[in-house]
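So you can see what is in the structure, the chains are spelled out below.
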Amino acid sequence: MAKSRKRHRDPVPSAAAPPRLGVPGRTASPADLIPRAKPAADLESFLAKGGPPGVRGFSTDVPTPSQVPLVTAREAQRCASDGVRLFGEGRPAEAIALLRRSVKLNPGAAGSHHDLGFALLAAGQAQQAIEPFTAALGIDPKLATAHRYLAYIFDGLGQQATAMGHYQSAVALKPDLVEAQLRLGDLCRARGLSVEAAATYRAAAAATADAVTARIAEARALEALGAADEALAATRAIVETDPENAEAHAFLGSLLNQAGLFAEAGAHFECALDLSPEKNEVWFGVATSRKFTADDGPLIARMNAALGRSNLTPSHRKLLHFALGKAHDDMGNYKEAMQNFEAGNRYRALGGRLDRRILTRYIDRVIEATPPGYRDRRPDRGVVDATPILIVGMPRSGSTLTEQILSSHPEVAAAGEERFWSVRCAAHDDIWGLTPTPEATQRLADDYLAALRGFGPNAKRVTDKALGNFMLLGVIHRVFPNATIIHCRRHPIDTALSIFTTNFENTHDYASDRSDLVFFIRQYRRLMEHWRTVLPPDRLVEVDYEALVADPEPQARRLISACGLAWNDACLEPHRNTRKVSTASVWQARQPIYRTSVERWRRYEPWLGELRELAPEA
């Protein structure tokens with residue numbers, strides 16, 4: 001019998017109902033608000049397409065009192081009023097000039113800064129709008145719409161952490177900002193904050209007056225908590241009762257994709273695009289739900305046409321380029337594929353670049369703090385529980401295949417990328433501060449085990465595929481000395497190339513630049529070499545992707561044995577595993593084990609650049 005994909009969690013109570021507000025049948029995306037190159041003919045049409053109903057684009061606040069002469073303040077107010085009027089008449093350049101003059105005359109008027117930001121945003125100058133919105137919040141931190149617009153701008157640039165902060169502030173000040181609640185839920189879910197995501201979705205459901213939007217939000221909450229089957233059933237029901245709802249089709253496509261039902265998922269993604277052609281983010285779902293062939297020329301033409309739209313955010317352009325890159329890669333058009341991957345990475349870089357100094361210093365500190373025998377110098381010995389199986393390494397190194405093999409065993413459950421350790425350690429400058437006493441160590445262990453058992457209450461072992469835990473193995477091994485750590489390895493150039501050509505739900509700050517990739521991989525390998533000298537060899541098990549796909553059975557048997565389990569033949573058919581897969585390997589996880597990705601880098605040899613530096617020495 002196939003194991004349930006349901007994640008067992010305590011239910012999250014629905015949020016108290018704030019004032020109701022919403023758009024029937026649709027959910028806004030950042031593309032709605034970071035607008036077209038040309039302004040709308042008038043303010044009302046802009047608001048109808050981009051701004052949420054019930055929230056005015058321009059501020060209606062009384063100007064903040066300031067220390068300027070009365071005559072100057074009156075002139076500033078006149079400029080502000082005329083600027084709003086001219087914008088409404090479709091004269092954005094003149095409007096922006098007057099609004100700039102207004103804030104120069106009276107820099108203490110929060111509403112005028114806000115209006116300047118909105119006019120710049122509406123005129124397609126999103127990044128220039130950041131400064132006036134920020135200035136408005138410096139004067140009046142309770143301007144919910146300024147937080148909301150900044151959240152959309154930073155979200156569109158791929159700066160998710162900054163966007164989350166502004167979304168949180170916006171909905172705290174004005175809970176009926178439904179679209180902001182929904183997007184905040186998406187960002188929480190992407191970061192593994194499942195309980196917070198579910199609560200945010202339910203707050204959106206409580207805030208909207210539209211029944212369909214509320215039902216979609218509730219389905220999203222179910223999915224965030226791991227109740228994949230229930231979320232799928234609920235969303236199917238929504239589509240049956242409201243077949244013209246593009247958002248419902250898009251979300252259903254996503255759920256079906258995760259379940260491995262690719263043909264059905266693709267049909268719903270395409271239906272969403274037919275109903276709402278400006279849902280550009282859906283194109284990436286289309287790309288991941290199929291293997292492109294020469295017969296897919298019309299789809300590729302539609303994606304290229306979508307790139308020609310002037311109202312795309314950088315994040316949506318990134319998604320489209322990665323989708324097109326994947327399509328051309330499927331068809332063997334490697335030059336065209338790389339051109340699109342290069343373009344996608346230029347947009348991904350707007351989300352932030354790797355700080356090499358901070359990374360190097362961090363790894364230096366970890367190595368210094370965990371010399372051989374470091375555990376023996378601490379008073380408590382950790383906990384004896386051996387439930388966790390931690391899968392670590394670089395992305396695109398065969399980790400999803402490894403987790404599929406392990407979780408095909410009837411005594412193993414898969415938690416996916418459980419971000420427990422990164423969240424807990426982020427709150428401490430000194431990670432050893434997590435375990436100052438045996439009692440604190442036990443509490444930490446209990447919390448982690450509770451998180452894992454939410455995915456498999458009766459499982460003997462539970463996998464955690466948060467790959468970045470390779471940086472935290474010192475404290476993890478100290479708390480769980482009997483946990484099994486599986487390190488996934490792959491040819492470094494193949495690893496780097498696959499990262500460079502893959503769109504990730506979460507930002508990896510090293511992924512968009514070849515030289516950053518080389519630097520990060522070298523630092524990762526330095527730290528893993530350290531762990532080989534520190535951790536017991538029976539606790540750190542290393543598996544090479546190339547060996548795993550060349551001859552799966554001996555490698556799979558070795559993994560199962562290392563986890564203290566009896567062999568089960570289901571581990572040789574990982575593609576039959578029915579669990580939900582939500583990583584970038586969603587398509588590959590549903591295929592029989594294949595070898596075609598070994599030495600994939602040779603297909604892209606003319607464009608490797610600095611990645612060649614990762615070639616293993618002879």
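Cut-offs used in this document
Residues numbered from 1 in each chain as written. Predicted model: local features only at pLDDT ≥ 70, side-chain atom pairs only at ≥ 80, totals over all residues. Heavy atoms only, no water. Helix = DSSP H or I, 4+ residues; strand = E, 2+ residues; numbered from the N terminus. Buried < 20%, exposed > 50% of the residue type's maximum accessible area, 1.4 Å probe, protein only. Contact = heavy atoms within 4.5 Å. Areas by Shrake-Rupley, 256 points an atom, 1.4 Å probe, with all protein chains shown as cover. Pairing = 2+ DSSP bridges. Salt bridge = Lys/Arg side-chain N within 4 Å of Asp/Glu carboxyl O. Axes fitted to C-alpha atoms, helices over the stretch in contact; angles between N-to-C directions. Parallel < 35°, antiparallel > 145°, perpendicular 65-115°, else oblique. Nonpolar A, V, L, I, M, F, W, Y, C, P; charged D, E, K, R; others polar. Left-handed = near helix turned anticlockwise from the far one by under 90°. pLDDT = per-residue confidence, 0-100. Core = buried A, V, L, I, M, F, W, Y, C linked by side-chain atoms within 4.5 Å. Expected span 1.5 Å × (residues − 1). Arc of directions from axis to C-beta. Phe/Tyr/Trp six-rings, centres within 6.5 Å; stacked < 30°, edge-to-face > 60°. Lys NZ or Arg CZ within 6 Å of the ring centre and 35° of its normal.

Colleague: Any chance you could explain the overall build of the chain here in plain terms?
Modeller: Scanning the chain for helices and strands turns up 27 helices and five strands. The burial tally for the chain puts 56% of its 618 residues in the buried class. By sequence separation, contacts in the chain at least 24 residues apart represent 72% of the contacts at least 6 residues apart. About 25300 Å² of surface is accessible on the chain, with carbon and sulfur atoms providing 53% of the total.

Colleague: Is there a simple way to explain the pairing of strand E3 (residues 461-464) in this structure?
Modeller: Look at any regular strand and the pattern is simple: side chains alternate between the two faces of the sheet. Alternating residues of E3 divide into Arg 461 and Thr 463 and Val 462 and Asp 464, and every residue in both groups is buried. In this sheet, E3 lies alongside strand E2 (residues 412-414) in parallel orientation, the contact comprising three bridges. Considered in E3, the bridge of Ala 414 is made with Thr 463.

Colleague: It is not clear to me how the pattern of salt bridges should be interpreted in this structure. Could you clarify?
Modeller: As a working rule, side chains carrying opposite charge can pair if their charged atoms are close by. Applying the stated rule across the entire model yields 41 salt bridges. As a salt-bridge pair, Lys 174 and Asp 176 come within 3.5 Å of each other at their nearest N and O atoms. As a salt-bridge pair, Asp 330 and Lys 291 come within 4.0 Å of each other at their nearest N and O atoms. Of the two residues, Asp 330 is situated in helix H17 (residues 314-330) and Lys 291 in the loop between helix H15 (282-288) and helix H16 (297-307); the sequence distance between them amounts to 39 residues. Several salt bridges share partner residues, and in doing so they unite Glu 75, Arg 78, Asp 82, Arg 85, Glu 89, Arg 91, Glu 94 and Arg 101 into one network.

Colleague: Sorry if this is basic, but what is going on with helix H20 (residues 399-407) here?
Modeller: Along an α-helix, a turn takes 3.6 residues, which lines up residues three or four apart on a common side. Within H20, nine of the nine residues are buried, which leaves the element mostly enclosed by the surrounding structure. All of the buried residues in H20 are Ser 399, Thr 400, Leu 401, Thr 402, Glu 403, Gln 404, Ile 405, Leu 406 and Ser 407.

Colleague: I would appreciate a short explanation of the environment of Ala 562 in the present structure.
Modeller: Along the chain, the position of Ala 562 falls in helix H27 (residues 552-562). Ala 562 sits 24 residues away from Asp 538 along the chain, and the two C-alpha atoms are 7.3 Å apart. Once residues within four sequence positions are removed from consideration, Ala 562 is found in contact with Thr 484, Arg 539 and Val 541.

Colleague: Looking at this model, I keep getting lost on the packing of helix H10 (residues 194-207) against helix H11 (residues 211-224). Mind explaining?
Modeller: To characterise two packed helices, one gives the angle between the axes of the helices and the distance between these axes. Closest axis-to-axis distance for the H10/H11 pair is 8 Å, and the angle between their directions is 170°. Considered as vectors, H10 and H11 are oriented roughly antiparallel to each other. Along its contact with H10, which presents Ser 194, Ala 197, Ala 198, Tyr 201, Arg 202 and Ala 205, the element H11 presents Ala 214, Ala 217, Glu 218, Arg 220, Ala 221, Leu 222 and Ala 224. Grouping the constituent residues of the contact of H10 with H11 by class yields nine nonpolar, one polar and three charged.

Colleague: Explain the side chain of Asn 340 here, please?
Modeller: Within the fold, Asn 340 resides in helix H18 (residues 334-348). Since its relative accessible area comes to 11%, Asn 340 is described here as buried. Not counting chain neighbours up to four residues away, the residues in contact with Asn 340 comprise His 321, Leu 324, Gly 325 and His 328.

Colleague: Which parts of the structure should I look at to understand the packing of helix H9 (residues 178-190) against H11?
Modeller: The geometry of H9 relative to H11 is characterised by a closest axis approach of 11 Å and an angle of 15° between their N-to-C directions. Between H9 and H11, the interaxial angle falls into the category roughly parallel. Of the two possible hands of crossing, H9 and H11 adopt the one that is left-handed. The residues of H11 that touch H9, namely those facing Val 178, Leu 182, Asp 186 and Arg 189, are Thr 213, Ala 217, Arg 220, Glu 223 and Ala 224. Looking at the contact of H9 with H11 residue by residue, the classes come out as four nonpolar, one polar and four charged.

Colleague: Help me understand the sheet that holds strand E1 (residues 388-393), please; the structure alone is not making it clear to me.
Modeller: Within a sheet, each strand pairs with its neighbour through backbone hydrogen bonds, oriented either parallel or antiparallel. Strand order in the open sheet formed by five strands is E2-E3-E1-E4-E5, and the pairing between neighbours is parallel. One side of each edge strand has no neighbouring strand; the edge strands of this open sheet are E2 and strand E5 (540-544). Each strand axis lies, on average, 25° off the axis of its neighbour in the sheet, ignoring direction. Sitting on the sheet, helix H22 (residues 438-453) is in contact with E1 and E3, with an inclination near 85° to E1.

Colleague: What should I look at first to understand the confidence of the model for the chain in this one?
Modeller: Low pLDDT means the predicted atomic positions in that stretch should not be read closely. Residues with a pLDDT of 70 or more make up 85% of the chain, whose mean pLDDT is 85. Segment residues 1-56 is flagged for pLDDT under 50; beyond a separation of four residues in sequence, or across chains, it makes 155 contacts in the model.

Colleague: I tried to follow the pairing of E1 on my own but got confused; where do I start?
Modeller: A large share of E1 lies buried, amounting to six of its six residues. One ladder, built from three bridges, connects E1 with E3; its direction is parallel. Opposite Pro 388, over in E3, you have Val 462 as the bridge partner. Pairing geometry for E1 and strand E4 (residues 484-489), over five bridges, is parallel. Bridging from a neighbouring strand, Ile 391 pairs with Ile 486 of E4.

Colleague: Just to check I follow, could you spell out the nonpolar core for this structure?
Modeller: If you look at soluble globular proteins, the nonpolar side chains tend to sit buried side by side. Counting residues in hydrophobic clusters, the biggest one holds 94 residues, and the most contacted among them are Met 303, Trp 421, Phe 480, Phe 520 and Trp 531. Sorting elements by how many residues they give to this core places helix H25 (residues 514-534) first, with nine residues. Those residues in contact with Phe 520 that lie beyond four places of it in its chain are Leu 354, Leu 359, Met 394, Phe 470, Met 471 and Tyr 510. In this structure, Ala 119, Ile 130, Tyr 201 and Ala 217 belong to the second largest nonpolar core, which totals 55 residues.

Colleague: For this particular structure, what's the right way to read unusual backbone geometry?
Modeller: Outside of glycine, negative phi angles account for most residues, and trans bonds account for most peptide bonds. Look at Arg 396: it is not a glycine, yet its phi comes out positive at around 65°. Its identity as a non-glycine residue notwithstanding, Glu 599 has a phi of 55°, on the positive side. Residue position: Glu 599 is located in the segment after H27. You can call Glu 599 partly exposed: its relative accessible area is 38%.

Colleague: What should I look at first to understand H22 in this one?
Modeller: Its 16 residues place the ends of H22 22 Å apart at the C-alpha level, agreeing with the 22 Å of an ideal helix rising 1.5 Å per residue. For H22, every residue scored as buried is listed here: Ala 440, Thr 441, Leu 444, Ala 445, Tyr 448, Leu 449, Ala 451 and Leu 452. Buried residues of H22 fall within an arc of 170° about the axis and therefore sit on the same side. Exposed residues lying more than 90 degrees from the buried face of H22 are Glu 439 and Arg 443. Turning to H22, the residues buried within the fold contact E1, helix H21 (420-426), E3 and helix H23 (473-479).

Colleague: Help me understand the packing of aromatic side chains, please; the structure alone is not making it clear to me.
Modeller: For any pair of aromatic rings, geometry is given as the distance between the ring centres together with the angle between the planes. Evaluated as defined, the whole model comprises 15 aromatic pairs. Plain terms: the ring middles of Phe 118 and Tyr 149 are 5.5 Å apart, the flat faces sit at 50° to each other, and that makes the pair tilted. You can see Phe 118 sitting in helix H5 (residues 110-122) and its partner Tyr 149 sitting in helix H7 (residues 144-157), a full 31 residues away along the chain. Across the pair, exposure class does not vary: Phe 118 and Tyr 149 are buried alike. Ring geometry for Phe 470 against Phe 520: centres 6.5 Å apart, planes inclined by 85°, an arrangement best described as edge-to-face. Placement of the pair is Phe 470 in the loop between E3 and H23 and Phe 520 in helix H25, with a sequence separation of 50 residues. For Phe 520, a relative accessible area of 8% puts it in the buried group. Above the face of the Phe 292 ring, Arg 290 is positioned so that its terminal group lies 5.6 Å from the ring centre. When the ring centre of Tyr 545 is taken as origin, the NZ or CZ atom of Arg 490, which lies over that ring, is 5.0 Å away.

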